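Per-entry structural report
The primary structure of each chain is shown beneath.
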Amino acid sequence: MPSTKKLKIGIVCPYGWDAPGGVQNHVRDLAEYLIAHGHSVSVLAPCANEEILPEYVVSAGKPIAIPYNGAVARVLFGPIAFSRVRQWISQGEFDVLHLHEPAIPSISLLACWAADGPMVGTFHAAAKRQKAIFALGPILEPVIEKLSVRIAVSEASRLTLTEHLDTDAIVIPNGVYAERFRNGRAQQKWSGETIGFIGRFEEPRKGLSVLLEALPIVARFAPNVRVLVAGPGDTDEIYKQIHPQLRSRISFLGRLTEEDKADFLSSVSVYVAPNTGGESFGIILAEAMAAGAPVIASDIPAFVSLLGEGRYGSLFATEDSSDLAKKIIELLRDDETRQRLSIAAQERSKFFDWDTVAEQIFSVYEMAMVGSGSVGLASDSRSWGRLLGREGEN
Amino acid sequence: MKTGLIFGLVVLFSLWYLSFSATRLDRLHHRVETSWANLDGLLQRRAAIALELAHSRAADPASSLLLTHAAYLAREAQIEDRSDAESGLSGALGLLQNDLTTQGESAEKALLRELSQLTEKVRVGIAIHVDAVNRTREVRKKWIFKIFKLAGSAPLPVVYEFEHDVL
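Since the structure is predicted, the reported quantities are computational estimates derived from the model, not experimental observations. (Residues numbered from 1 in each chain as written. Chains lettered and ligands numbered in written order. Predicted model: local features only at pLDDT ≥ 70, side-chain atom pairs only at ≥ 80, totals over all residues. Heavy atoms only, no water.)

Another point: the overall build of chain A. For chain A, the helix and strand inventory stands at 16 helices and 17 strands. Relative to a compact globule of 394 residues, whose C-alpha radius of gyration would be 21 Å, chain A shows 22 Å and is just as compact. Considered along the principal axes of its C-alpha atoms, chain A spans approximately 75 × 50 × 40 Å. Burial statistics for chain A: of 394 residues in total, 57% are counted as buried. By sequence separation, contacts in chain A at least 24 residues apart represent 70% of the contacts at least 6 residues apart. Carbon and sulfur atoms provide 51% of the accessible area of chain A, an area that totals close to 16600 Å². Treating the 39 positive side-chain charges of chain A as one cloud and the 47 negative ones as another, the clouds have centres 2 Å apart. (Helix = DSSP H or I, 4+ residues; strand = E, 2+ residues; numbered from the N terminus. Rg over C-alpha atoms; globule rule 2.2 N^0.38 Å. Buried < 20%, exposed > 50% of the residue type's maximum accessible area, 1.4 Å probe, protein only. Contact = heavy atoms within 4.5 Å. Areas by Shrake-Rupley, 256 points an atom, 1.4 Å probe, with all protein chains shown as cover. Lys, Arg positive; Asp, Glu negative; His and termini not counted. Charge placed at Lys NZ, Arg CZ, Asp CG, Glu CD.)

The structure is reproduced here in structure tokens:
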């Protein structure tokens, strides 16, 4: 980073720190990148277990599980959380605040309400289902408005934002440590005619069942094909869905470490992302691209833009298993195209390498800081607190 | 007794809401000003780089003339014409940039690098400013701001037609 001035940056993560998730990973990587470049960073996040936190994370309390966007979100709000947020802001003396997903009921929203000064908000979600929450527009509007700059992680999430909150955003993609994946070593055990899949395969929206439905057709044309599924989950239920003759072709590898993941993605012949929706960026797909895996993905908006309308990977019609089978067979048989896609995908992954992404985010911080002082508590938040206190006494 | 309490609370809330709205608008006006000052500064720097490029050896006489002219227009433009003038400068720079990336010496390369960093900032600067202006105009349309004259004597911010492909 060319900048010489070191900043004090406060980042708020709305979801439970110890639960797995894209937003948490993004916040962790960003915080660690900024710290490695000499800035001082404090992350405020809900935490179920406060003993295993990295040094830069401050716990805001235990998260509550609420159903949200087709999954269970672990978030936190309420008066106690609010007072912790305010305390964190007033003690932090930050130059800039970076709030993630500030439009859902969470500590990000509370922080946006409580603070005044240079604030940047990143919107991750891209889904139609949030209408109920976005219907709170009139209440959210003056709060979201306080953000000096809004960032959307993809064109899809930018559209969600303009549709629901009538406000525009700059698109800066999620970050990937591209180099880690570029340096993955191909392993014999995962090579050959292999199809890779990573994710919590029990969740329907990850689309493993679409891939499994495509398998019988693929197996007819590619006799040695194997499907390798990595990720946490219960395998028994999945095995029941599969034809007994095909069971030997599927291996479940469980959750992989980061190094194993890089090796895995570098080894497989084809990486398939059959997600049926609810994806705003596609971080694992981006990692697969960085590792140089030829990828096939469903044509949901996030993947279409990630794969440049098909220039950096093959797209199939979402939830259409026969189309997927066709695309897999085509790619498995065509060494030349696989080679070409692999190179194109790796080239593309430079756009969302942390070196590029963090640079862009940092430049946004600098722009947000122009003309306003450091972050403090908002005056109306102070009087709001007093008002609440007075009401409590009556 | 009870109605008195409720009445009191309503009055208190209304007062708080008024002060909240006034703070909100004040914050927006402040952002319009600072974001414009920032953007203006960035654009001025861009024009200066353009002039430097125009006077460098890399530029042939024709593009040098074009660039100088565009840069002067951008610097001298009134607020209303600013957007057009900046678009013109962007176009001229774009033409030259294509030629210079293929050939050109290290001094020019450094200028170009600075320019591309600046371009990124200008892009963000425009987004921030346009957003601030639109927000402010939107908010000032609401009845509470009109009736209580919460905008005071602050002039309505000018909309700049920065085109999306300005750079």
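That shown, we press on.
Another point: the packing of aromatic side chains. As enumerated under the stated definition, the model contains 14 aromatic pairs over all chains in all. Both rings, one in Trp113 of chain A and one in Phe20 of chain B, keep their centres 5.8 Å apart while their planes meet at 25 degrees; by these two values the pair is stacked. Of this pair, Trp113 of chain A sits in helix α3 (residues 107-114) while Phe20 of chain B sits in helix α1 (residues 2-55), placing the two residues on different chains. Each member of the pair, Trp113 of chain A as well as Phe20 of chain B, is classed as buried. Seen from their ring centres, Tyr177 of chain A and Trp354 of chain A are 6.3 Å apart, and the 45 degrees between their planes marks the pair as tilted. Taken together, the positions of Tyr177 of chain A in the loop between β10 (170-171) and α7 (178-182) and Trp354 of chain A in helix α15 (residues 354-369) put the pair 177 residues apart, joining distant regions of the chain. Site record: aromatic cluster; members linked through ring pairs are Trp113 of chain A together with Phe13, Trp16, Tyr17 and Phe20 of chain B. The ring of Trp190 of chain A has Lys189 of chain A lying over it, and the distance from NZ or CZ to the ring centre is 4.5 Å. Across from the ring centre of Phe351 of chain A, 5.7 Å away, lies the NZ or CZ of Arg348 of chain A, which sits over that ring. (Phe/Tyr/Trp six-rings, centres within 6.5 Å; stacked < 30°, edge-to-face > 60°. Lys NZ or Arg CZ within 6 Å of the ring centre and 35° of its normal.)

We now examine helix α11 (residues 283-290) of chain A. All names here are of chain A. Most of α11 is tucked away: six of the eight residues are buried. Those residues of α11 lying buried are Leu285, Ala286, Glu287, Ala288, Met289 and Ala290. Where the residues of α11 are buried, they touch α7, α10 (258-267), β14 (270-273), β15 (295-298), α12 (301-306) and α14 (335-348).

All names here are of chain A. Look at helix α13 (residues 321-333) against α14: their axes get within 5 Å of each other, and the N-to-C directions meet at 95 degrees. Taken together, the axis directions place α13 and α14 in an arrangement best described as roughly perpendicular. The segment α13 lies against α14, with Leu331, Leu332 and Arg333 engaging Asp335, Thr337, Arg338 and Leu341. (Axes fitted to C-alpha atoms, helices over the stretch in contact; angles between N-to-C directions. Parallel < 35°, antiparallel > 145°, perpendicular 65-115°, else oblique.)

Right, let's get into the packing of α15 of chain A against helix α4 (residues 106-140) of chain B. Interhelical geometry of α15 of chain A versus α4 of chain B gives an angle of 50 degrees and a closest axis separation of 10 Å. Classified by the angle between their axes, α15 of chain A and α4 of chain B sit oblique to one another. Note on packing geometry: the crossing formed by α15 of chain A with α4 of chain B is right-handed. Of α4 of chain B, the residues touching α15 of chain A (which contributes Gln360, Ser363, Val364, Glu366 and Met367 of chain A) are Glu120, Lys121, Arg123, Val124, Gly125 and Ile128 of chain B. The residue inventory of the contact of α15 of chain A with α4 of chain B, partitioned by class, reads four nonpolar, three polar and four charged. (Left-handed = near helix turned anticlockwise from the far one by under 90°. Nonpolar A, V, L, I, M, F, W, Y, C, P; charged D, E, K, R; others polar.)

Moving on to the interface of chain A and chain B. When the parts come together, some accessible area is lost, and that loss is often what is quoted as the size of the interface. Residue-level contacts link 30 residues of chain A with 25 residues of chain B. Taken together, the two surfaces of chain A and chain B that pack against each other cover about 2400 Å², and 56% of this comes from carbon and sulfur. Connecting chain A to chain B are eight salt bridges. Between Arg27 of chain B and Asp116 of chain A there is a salt bridge, and its shortest N-O distance comes to 3.7 Å. Our count for the chain A to chain B interface comes out at eight residue pairs in polar contact (both at pLDDT 80 or more). Listed by contribution, the elements that provide at least two residues to the side of chain A that touches chain B are α5 (137-144), β9 (149-152), α15 and α16 (379-393) of chain A. Among the elements that line the side of chain A that touches chain B, the one with the most residues is α16 of chain A, at seven residues. A breakdown of the residues in the side of chain A that touches chain B according to their chemical character gives eleven nonpolar, eight polar and eleven charged. (Buried area = accessible area lost by both parts, 1.4 Å probe. Salt bridge = Lys/Arg side-chain N within 4 Å of Asp/Glu carboxyl O. Polar contact = N/O pair within 3.5 Å; in protein donor to acceptor, adjacent residues only side chain to side chain.)

Another aspect to go through is the sheet that holds strand β8 (residues 119-123) of chain A. Residues and elements named next belong to chain A. Taken in spatial order, the seven strands line up as β3-β2-β1-β6-β8-β9-β10 in an open sheet, and their pairing is parallel. In this open sheet, the two edge strands, each paired with only one partner strand, are β3 (57-59) and β10. The pairing of strand β2 (residues 40-45) with β3 spans three bridges and is parallel. Residue Val43 lies in a different strand from β3, and its bridge partner there is Val57. Running over the sheet, α3 touches β1 (8-12), β2, β6 (96-100) and β8 and is turned about 145 degrees from β6. (Pairing = 2+ DSSP bridges.)

To continue, consider the confidence of the model for chain A. Detailed reading of predicted coordinates is not advised where the pLDDT is low. The share of residues in chain A with pLDDT of 70 or more is 91%, and the mean pLDDT across the chain is 85. In the predicted structure, residues 390-394 of chain A sits below a pLDDT of 50 and forms three contacts with residues beyond four places in sequence or in another chain. (pLDDT = per-residue confidence, 0-100.)

In this section: the sheet that holds strand β12 (residues 226-230) of chain A. Residues and elements named next belong to chain A. The six strands lie next to each other as β13-β12-β11-β14-β15-β16, forming an open sheet whose pairing is parallel. Edge strands, defined here as strands with exactly one partner in the open sheet, are β13 (250-254) and β16 (314-316). Adjacent strand axes in the sheet meet at a mean angle of 25 degrees, parallel and antiparallel pairs treated alike. Strand direction decides the pairing type here: β14 and β15, joined by three bridges, are parallel. By the bridge assignment, Val272 is partnered in β15 with Ile296. Where helix α8 (residues 208-221) meets the sheet, it contacts β11 (194-198), β12, β13, β14 and β16, and its direction lies at approximately 170 degrees from that of β11.

The next point concerns the pattern of salt bridges. The full count for this structure, using the stated rule, is 24 salt bridges over all chains. For Arg311 of chain A, the salt bridge goes to Glu309 of chain A, with nearest N and O atoms at 3.7 Å. Note that Asp335 of chain A and Arg338 of chain A form a salt bridge whose closest N and O atoms lie 3.0 Å from each other. With Asp335 of chain A and Arg338 of chain A both in helix α14 and three residues apart, this pair spans about one turn of that helix. Taking the relative accessible area as the measure of exposure, Asp335 of chain A reaches 51% and is therefore exposed. A relative accessible area of 17% means that Arg338 of chain A is categorised as buried. What you see here is one network of salt bridges that share partners, running through Glu141 and Glu145 of chain A together with Arg24, Arg135 and Lys142 of chain B.

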